[in-house]
Amino acid sequence: DVPIMGVVSRLTWQKGFDFAVPALWRLLAEEDVQFVVLGTGEPEIEQQMGHLCRHFHEKAKAFLHFDAALSQQIYAGCDIFLMPSHFEPCGIGQMLAMRYGALPLVRETGGLADTVENYDNADGERGAGFVFQAEDAEALLGTMRWALHTYRNQPDAWRRMQRRAMLSDFSWDMSARSYTKLYEKAIVKHKEGAH
């Protein structure tokens, strides 16, 4: 009955943990939620995550090392997957989480903006995650609360988004088909111009 928020990431400034840690302190103090983080990175952020999880030891756990098997368990076991990156050229974590049915909560940037469609805040006919824009703790905290409210109060919409997330296709097959259509159009135009 308690939602689990997960992180599998390098613990660096780029990944947005400078403002995520303060938001997580407030969230864990005020909400019935569990949190798990797996990763290594900048010593200061590792220390902050460790301190956070020791303080909220009954509802939070930090694994400050690399563990491929545990990462798969976190992707599969969490309800919400957190990626508050300052910038993210591509991002793989959100796509792995979606395949498992964990809804990503991301900052709108780079590959995260390209792959995570924001929840429609209605019946879940659109979206497969939760997206925020501002690079600050308040924006992230508000979005985390929105996701938790949706989890608790919109179970049908949540399940629709999970299904959509699991069916998302980020393979090269779609891109290849798009390129093929584009080249076919170009060939037709070229032939028309030659006559």
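Here, every reference points to the structure presented above.
Residues numbered from 1 in each chain as written. Predicted model: local features only at pLDDT ≥ 70, side-chain atom pairs only at ≥ 80, totals over all residues. Heavy atoms only, no water.

(A) Up close: the sheet that holds strand 5 (residues 103-107). Spatially, 3-2-1-4-5-6 is the arrangement adopted by the 6 strands of the open sheet, whose pairing is parallel. Both outer strands of the open sheet, strand 3 (60-63) and strand 6 (130-132), are each paired with one neighbouring strand and no more. Averaged over all pairs of adjacent strands, the angle between strand axes in this sheet comes to 15 degrees, irrespective of strand direction. Of the pairings in the sheet, the one linking strand 2 (residues 34-38) to strand 3 comprises 4 bridges and is parallel in character. (Pairing = 2+ DSSP bridges. Helix = DSSP H or I, 4+ residues; strand = E, 2+ residues; numbered from the N terminus. Axes fitted to C-alpha atoms, helices over the stretch in contact; angles between N-to-C directions.)

(B) Inspection of a nonpolar patch on the surface at higher detail. The grouping of W172, Y179, L182 and Y183 at the surface amounts to a nonpolar patch, some 560 Å² of accessible area in total. For W172, the location among the structural elements is in helix 8 (residues 172-194). (Patch = residues over 30% accessible without salt bridge, like charges linked within 9 Å, V, L, I, M, F, W, Y side chains within 5 Å. Areas by Shrake-Rupley, 256 points an atom, 1.4 Å probe, with all protein chains shown as cover. Salt bridge = Lys/Arg side-chain N within 4 Å of Asp/Glu carboxyl O.)

(C) View of the layout of surface pockets. Roughly 330 Å³ of volume is contained in the largest pocket. Residue lining of the largest pocket: 21 residues in total, with V8, S9, R10, K15 and L38 positioned closest to the centre. The leading source of residues in the lining of the largest pocket is strand 4 (residues 80-83), at 3 residues. The class makeup of the residues in the lining of the largest pocket is 9 nonpolar, 8 polar and 4 charged. (1 Å grid on protein atoms, 1.4 Å probe; cavity = no way out; pocket = protein on both sides within 12 Å on 5 of 7 lines; lining within 4 Å. Points joined across faces, edges and corners; volume = space filled by probe spheres on them. Nonpolar A, V, L, I, M, F, W, Y, C, P; charged D, E, K, R; others polar.)

(D) The side chain of Q94, seen in detail. Structurally, the position occupied by Q94 is in helix 4 (residues 93-100). Of the polar contacts made by the side chain of Q94, one reaches the backbone oxygen of C90; its length is 3.3 Å. Side chain to side chain, Q94 and T115 meet in a polar contact 2.9 Å long. What Q94 contacts, discounting residues up to four positions off in sequence, is F81, M83, P104, G111, L112, T115 and V116. (Polar contact = N/O pair within 3.5 Å; in protein donor to acceptor, adjacent residues only side chain to side chain. Contact = heavy atoms within 4.5 Å.)

(E) Representation of the pairing of strand 1 (residues 4-8) in the model. Burial runs high along strand 1: 4 of the 5 residues are buried. One crossover worth recording links strand 1 to the parallel strand 2 by way of helix 1 (residues 17-30), and it is right-handed. The sheet contact formed by strand 1 and strand 4 spans 2 bridges and is parallel. Bridging from a neighbouring strand, M5 pairs with I80 of strand 4. (Buried < 20%, exposed > 50% of the residue type's maximum accessible area, 1.4 Å probe, protein only. Right-handed = clockwise from strand over helix to strand, strands pointing away.)

(F) Fine view of the nonpolar core. Among the nonpolar cores identified, the biggest contains 54 residues, and F35, M49, L105, L140 and M144 are the most heavily contacted of them. Ranked by the residues each element gives to this core, the list is headed by helix 1, at 8 residues. When near neighbours in sequence (up to four residues on either side) are disregarded, M49 contacts L11, F17, V21, L24, F35, V37 and A62. (Core = buried A, V, L, I, M, F, W, Y, C linked by side-chain atoms within 4.5 Å.)

(G) Local environment of the packing of helix 3 (residues 68-77) against helix 4. Orientation of helix 3 relative to helix 4, taken along the N-to-C sense of each, is 60 degrees, at an axis distance of 7 Å. By the angle between their axes, helix 3 is oblique relative to helix 4. Where helix 3 crosses over helix 4, the handedness of that crossing is right-handed. Facing helix 3, whose interface residues are Q72, Y75 and A76, helix 4 presents G93, L96, A97 and Y100. Classifying every residue of the contact of helix 3 with helix 4 gives 5 nonpolar, 2 polar and no charged. (Parallel < 35°, antiparallel > 145°, perpendicular 65-115°, else oblique. Left-handed = near helix turned anticlockwise from the far one by under 90°.)

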